[in-house]
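Listed here are the chains, written in short residue letters.
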Amino acid sequence: MSHLVIVESPAKARTIGNYLGDGYTVMATMGHVRDLPKSVKGVDVDAGFVMRYEPIAGKAGTIHDLKTAALDAEKIFLATDPDREGEAISWHLKEILGLDDDRALRVTFNEITKREVQSSIQKPRQIDYQLVDAQQARRALDRIVGYEVSPVLWRKIKGGLSAGRVQSVACRLVVDRENEIRAFTPVEYWTLEVTLQRVEGQGRFVAQYFAPLGSKKVELHTQEEAQAILSAVQASPFSVLSVTHSDKKRSPAPPFTTSTLQQEASRRLGMVPKRTMSIAQQLYEGISVHGHGLTGLITYMRTDSLRLSDEAVADVRRHIEGVYGKAYLPSAPRVYKSKAGAQDAHEAIRPSYIDLPPDQVKSSLTTDQYKLYKLIWDRFVSCQMENALYDLLTIDSASAGHVFRANHTSVKFAGFTAVYVESREEDEDEAGQTLPDLKQGEALRLTDTAPEQHFTKPPARYTEASLIRAMEEKGIGRPSTYAPTISTISDREYVVRENRQLRPTQLGEAVTAYMVDKFNDIVDVEFTARMENDLDQVEEGKKEWKAMLSEFYGGFSKTLEKAISDQGRVKIPDEKTDQICSVCGRNMVIRVGRFGRYMACEGYPDSCKNTRPLSEETPGLCPLCGAKILKKKSKRGFSYFGCEKAPSCSFITWDTPVQDACPTCGKTLFKNRTLKVPFCENPACAAFVPEDQRGYRKKKTEESGEDAAKSAKTTGAKKPGAKTAGAKTTTKKPASKAATAKAAIKKTATKKPAVKAADAKTASKTAVKTPRSRKPAPGPDAS
């Protein structure tokens, strides 16, 4: 008789299996095995919020295998993730396997290490039904909002739209910020810089106007004010008023939570939150590390706690003293206080093993895995190091009753900055110019002046990092919801990413305006935050989950009825561009079709049929002709990259261009998710990486010699249209019709993506017509 351990993913199963050894069978569910149906709401409100769960399609084999293994198991350990979602998966497993409470033993791992796994398996507990109830309440809320509001949007705006309890509020934040920017009125102000020279000896520096003598810092609002000061000091000598040295301390940032990890990975590594969480999940579940086998490298990555275990702190303090010396080690461990309302169920995100530094495991990791692991490692080590110490030198110079100030900052002791410095959304403080060694009362000579006009700037658009920070500060969503929420509003084309900033589309603004008008509570920030607090109270056992749902639904149902009864539809205005239609000379506009946004003549489709794919510029230049590289979408909605001079230039690739240039030929380098380092796609370069060495998945059916010869004439990149069509054909056709499948591949593989006008028209026609004939079912909120 063996013990059965059930987890979500195969990677996690392999790692845990290695730690438990003989006598344990570890199986993976591949995520949820039971859920609400996709096609209907699945929540029976009239029956008292009964949840209609059913096995997930395609999981019959997995469920059968689990049931078979459970019959022979002496003990069954449900070891899904240590959060609400993981608790709910364990409960679903208990129900679908028909286990009683005594056989359904719940274990959780904050980190997947041998010590943690073996220790936790000896201390199982019962399923926490308060956590399950909180997850069910969230699921029900999201289903009710998503499946009852979305059809209203279909009728009043356009088909295929969706609303959500969290996603709609996140979208509103982006739209509100855009409205702030539009309503912003710039205010004029002036700066006045003077260049001063020592009268005797060498030494020149620049000082900026600070204030009248004896006053606090003031701002100059007009040119007249600046000119009056300038005239006064030009007629009066300068002298050093004071020279001040002061110490400035800077403390390290706390260890990562889910929110701060996503923010920092976005700012420093350029990773979208969804990608960050995917890689973090891999590091948590286990990586095959050379010399160590399958190893979980970080603690659980969905947490809002800043707590660190005593063992981890002791280990890192030994590491700091051994590598950096006692001067870098505080006299006592640093303790960070979690924000109010944090669940504090898990530790902060940290490395599982302090004796596995990033450079030691680098060869076992992909580039992105290494970057994220190093980020987590450096932040954890630095958070237990001594403060950085700076010397701040301030020189005040005076003339005609006005003070001009110059600053310089130098490092006296690096402290934690020897390992890590947190990045910021705003510009970093500069060290400033090097200042001469001056004495108080020393005479100075004015050599130059530089008055300059400025205008205040509007608030910046949200980036993914700053939007996550805003959601966390306002209490919208929880650690597990930030990444999927931002992905949802981007996938729905409610917002677009431009220069790493989030800008609302016309569609996003129209939907948000309608939601504010008809469903104000749903998109109200404070209301949403209160709902999150209610869910926390359900988890703590202070509130009954169905009573909470009933309280919400009473007001929501009345709002819904009123919105349905209101007459009229909302027209989404086209997003105008400065590009001119090549057919009729009118402006091109941006519209949203089945496969996303595309460009069309403003007379389309009535008086002009001109359309084309919407492209965006990317870093680097075409390796064939040197023109710009554009990011485009194929007819099936897949992103690819091609030369802006297409079709006269045949360069097309799935790989993403990067800013770095090839050291051999100087052409743009590319990257993909398989290879660890950027590579060259210039066929004339000695460092050129052929297509078959870029880690693409191989087709199930080989191309004919004729097709291979044709594809070889390109740059070595697969044609997006060919790959998409070929993959679809080979997976759908049965083995008995291999010849038909091969013919279909041959027919489609030589087609180029929709880069010609005719192809663009075809894609756009499909995009416009499809929503009229079939409206997709609303999805639940991303949370």
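A brief structural summary. (Residues numbered from 1 in each chain as written. Predicted model: local features only at pLDDT ≥ 70, side-chain atom pairs only at ≥ 80, totals over all residues. Heavy atoms only, no water.)

### A few points about the nonpolar core
- Among the nonpolar cores identified, the biggest contains 76 residues, and Leu153, Leu467, Met515, Phe519, Phe552 and Phe556 are the most heavily contacted of them.
- Counting residues per element, this core draws most heavily on helix α5 (residues 129-156), which supplies 11 residues.
- Beyond its immediate stretch of four places on either side in the chain, leucine 467 contacts Ala170, Leu173, Val174, Tyr462, Ile486, Ile489 and Leu502.
- Core analysis: the second largest hydrophobic core is formed by 61 residues, Phe256, Tyr284, Ala348 and Phe380 among them. (Core = buried A, V, L, I, M, F, W, Y, C linked by side-chain atoms within 4.5 Å. Buried < 20%, exposed > 50% of the residue type's maximum accessible area, 1.4 Å probe, protein only. Helix = DSSP H or I, 4+ residues; strand = E, 2+ residues; numbered from the N terminus. Contact = heavy atoms within 4.5 Å.)

### Quick notes on the side chain of glutamate 87
- Turning to its location among the elements, glutamate 87 is positioned in helix α3 (residues 84-97).
- We classify glutamate 87 as buried; its relative accessible area is 1%.
- Polar side-chain contacts of glutamate 87 include one of 3.0 Å to the side chain of arginine 106. (Polar contact = N/O pair within 3.5 Å; in protein donor to acceptor, adjacent residues only side chain to side chain.)

### Observations regarding the pattern of salt bridges
- Evaluated as defined, the whole model comprises 40 salt bridges.
- Its salt-bridge partner being arginine 478, residue aspartate 536 comes within 2.6 Å of it at the nearest N-O pair. You can see aspartate 536 sitting in helix α16 (residues 525-539) and its partner arginine 478 sitting in the loop between α13 (464-474) and α14 (482-491), a full 58 residues away along the chain.
- A relative accessible area of 12% means that arginine 478 is categorised as buried.
- Where aspartate 566 meets lysine 518, a salt bridge forms, and the shortest distance between an N and an O atom there is 2.8 Å. Of this pair, aspartate 566 sits in the loop between α17 (545-565) and β19 (575-580) while lysine 518 sits in helix α15 (residues 506-518); the two residues are 48 residues apart in sequence, bridging distant segments of the chain.
- Among the charged side chains, a salt-bridge network with shared partners connects Glu8, Lys12, Asp81 and Arg302. (Salt bridge = Lys/Arg side-chain N within 4 Å of Asp/Glu carboxyl O.)

### Quick word on the packing of aromatic side chains
- Under the defined criterion, the tally for this structure stands at 13 aromatic pairs.
- With a centroid separation of 6.2 Å and 80° between ring planes, the pair formed by phenylalanine 49 and tyrosine 553 is classed as edge-to-face. Of this pair, phenylalanine 49 sits in the loop between β4 (43-44) and β5 (50-51) while tyrosine 553 is found in helix α17, placing the two residues 504 residues apart along the sequence.
- Phenylalanine 49 gets classed as buried once you look at its relative accessible area, which sits at 6%.
- The class of tyrosine 553 is buried, set by a relative accessible area of 17%.
- Here the aromatic rings of tyrosine 373 and tryptophan 377 are separated by 6.4 Å at their centres, their planes lie at 55°, and the arrangement is tilted. Note that tyrosine 373 and tryptophan 377 are positioned in helix α12 (residues 367-382) at a spacing of four residues, about one turn of the helix. (Phe/Tyr/Trp six-rings, centres within 6.5 Å; stacked < 30°, edge-to-face > 60°.)

### Re the sheet that holds strand β15 (residues 402-413)
- Strand order in the closed barrel formed by six strands is β9-β10-β15-β14-β11-β16, and the pairing between neighbours is antiparallel. Between one strand axis and the next, the sheet turns by 35° as a mean value, whatever way the strands run.
- Here strand β14 (residues 388-399) runs beside β15; their pairing, made up of 11 bridges, is antiparallel. From the neighbouring strand, leucine 392 faces β15, where its bridge partner is threonine 409.
- Against the sheet, helix α7 (residues 223-234) engages β9 (188-198), β10 (204-212), β11 (238-250), β14, β15 and β16 (443-455), with an angle of about 15° to β9. (Pairing = 2+ DSSP bridges. Axes fitted to C-alpha atoms, helices over the stretch in contact; angles between N-to-C directions.)

### Focus on the side chain of glutamine 384
- By the element assignment, glutamine 384 lies in the loop between α12 and β14.
- Of the polar contacts made by the side chain of glutamine 384, one reaches the backbone nitrogen of arginine 334; its length is 3.0 Å.
- With residues near it in sequence (within four places) discarded, glutamine 384 still touches Leu308, Val313, Val316, Ile320, Leu329, Pro330, Pro333, Arg334 and Tyr336.

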